[in-house]
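Topology and contacts: notes
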Amino acid sequence: ADLCAGLKLSVKPSAPEASDDNNNEKEAAENQSVRWHYKGPDTQLAGVALVIHGLNCRPDKMEAIITKLNASGIDCLNLSLRGHGTNFTPIDHTESDIARMTTFKTVSYPLWKSEAYTAYGIAKQRSKRYGVPLFFIGFSMGGLLGVDLMTSNPNVTFDKMVLFAPAIAMLQRNYLIQFLTPFPGLVIPSTGNRAYLSNDGTPMAAYTAMFDMHAQFKDHLDPGKINIPTVVFIAQKDELVSYTGIQQMVQNQDLDQWRIHLVKKDNTASEVDMHHLVIDAASVGNNMWQTIADVTRMHLLSGQP
């Protein structure tokens, strides 16, 4: 279930902008927890998006959709949750992979939620400054985290969302691993493509954080708060997230502004063994990825597809 399978958060910009002289963004430019990806200089700013990756998924793998958003005039703030990417505590004379895993074993739901909330504040500040909409883009656990952040915080609002296989309705077999909860440092080997993974395995501490997140989301679900224009991309054969479960949630909670877009991988997809993975051309195929990009752009900039 990890595919993807001391808090200090700040931003590294992907390209400088003369207008980015705000103290929040300057202070945020000191480390690697969050990275700005700005639209092209010849494109009018159409919005700002907060982007969050999945459990044990490399944050830079979200750059495929970020590139599409940048081309449409949307600035993106890509969050690396603790234990992923470059968001870990270095250890002297220790390789980064080992230090990252050591950090990964200490994560918790409150920690990740705090990071997401801080990132939200930074993205919100930019959208407010330029008077443009604020969007949320999330994959798997990242999608769950963003929706949970909104439903549990009255001051957190997004104008629209795009969710890739969000872990808001997980298959029951995912919970079988919970009997290992008393062993937070135990690392469960990952079976996914290593090119998409931040670490070789996922510690029980991280799984517990995700399960706690999901429990919090279910206990505090506010349909009125999350019923905003939303597109959900998911494969019917997703191994981790229940396609039927999301359909039922949308129906039972009267989420009439949510649209589910079925992902069907085409013959150019090279990562066909993992249906849950739907975040780039390699995982869904060139034609399907172009469709996802077109639907996303239409949804965010022109209304519901």
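Data block above holds the structure.
What counts as what
- Residues numbered from 1 in each chain as written.
- Predicted model: local features only at pLDDT ≥ 70, side-chain atom pairs only at ≥ 80, totals over all residues.
- Heavy atoms only, no water.
- Axes fitted to C-alpha atoms, helices over the stretch in contact; angles between N-to-C directions.
- Helix = DSSP H or I, 4+ residues; strand = E, 2+ residues; numbered from the N terminus.
- Parallel < 35°, antiparallel > 145°, perpendicular 65-115°, else oblique.
- Contact = heavy atoms within 4.5 Å.
- Nonpolar A, V, L, I, M, F, W, Y, C, P; charged D, E, K, R; others polar.
- Buried < 20%, exposed > 50% of the residue type's maximum accessible area, 1.4 Å probe, protein only.
- Salt bridge = Lys/Arg side-chain N within 4 Å of Asp/Glu carboxyl O.

1. Things to note about the packing of helix α4 (residues 109–130) against helix α5 (residues 141–152)
Put simply, α4 and α5 touch, their axes get as near as 10 Å, and they point 75 degrees apart. Taken together, the axes of α4 and α5 lie roughly perpendicular to each other. Contact with α4, carried on its side by Tyr109, Trp112, Lys113, Ala116, Tyr117 and Tyr120, involves Met141, Leu145, Asp148, Leu149 and Ser152 of α5 and no other residues of that element. In the contact of α4 with α5, the residues fall into eight nonpolar, one polar and two charged.

2. Observations concerning the environment of Pro223
Relative to the assigned elements, Pro223 resides in helix α7 (residues 223–226). Of the residues examined, Pro223 reaches a relative accessible area of 23% and is grouped as partly exposed. With 27 residues separating them along the chain, Pro223 and Val250 place their C-alpha atoms 9.2 Å apart. For Pro223, the residues in contact, after removing those within four places along its chain, are Gln253 and Leu255.

3. Description of the pattern of salt bridges
Using the criterion set out here, one finds five salt bridges in the structure. Among the salt bridges present, the one from Arg58 reaches Asp60, with a minimum N-O distance of 2.6 Å. Two residues, Arg297 and Asp294, come together in a salt bridge whose shortest N-O distance is 2.8 Å. You can see Arg297 and its partner Asp294 sitting in helix α10 (residues 286–302), three residues apart, about one turn around the helix. By relative accessible area, Arg297 is classed as partly exposed at 37%.

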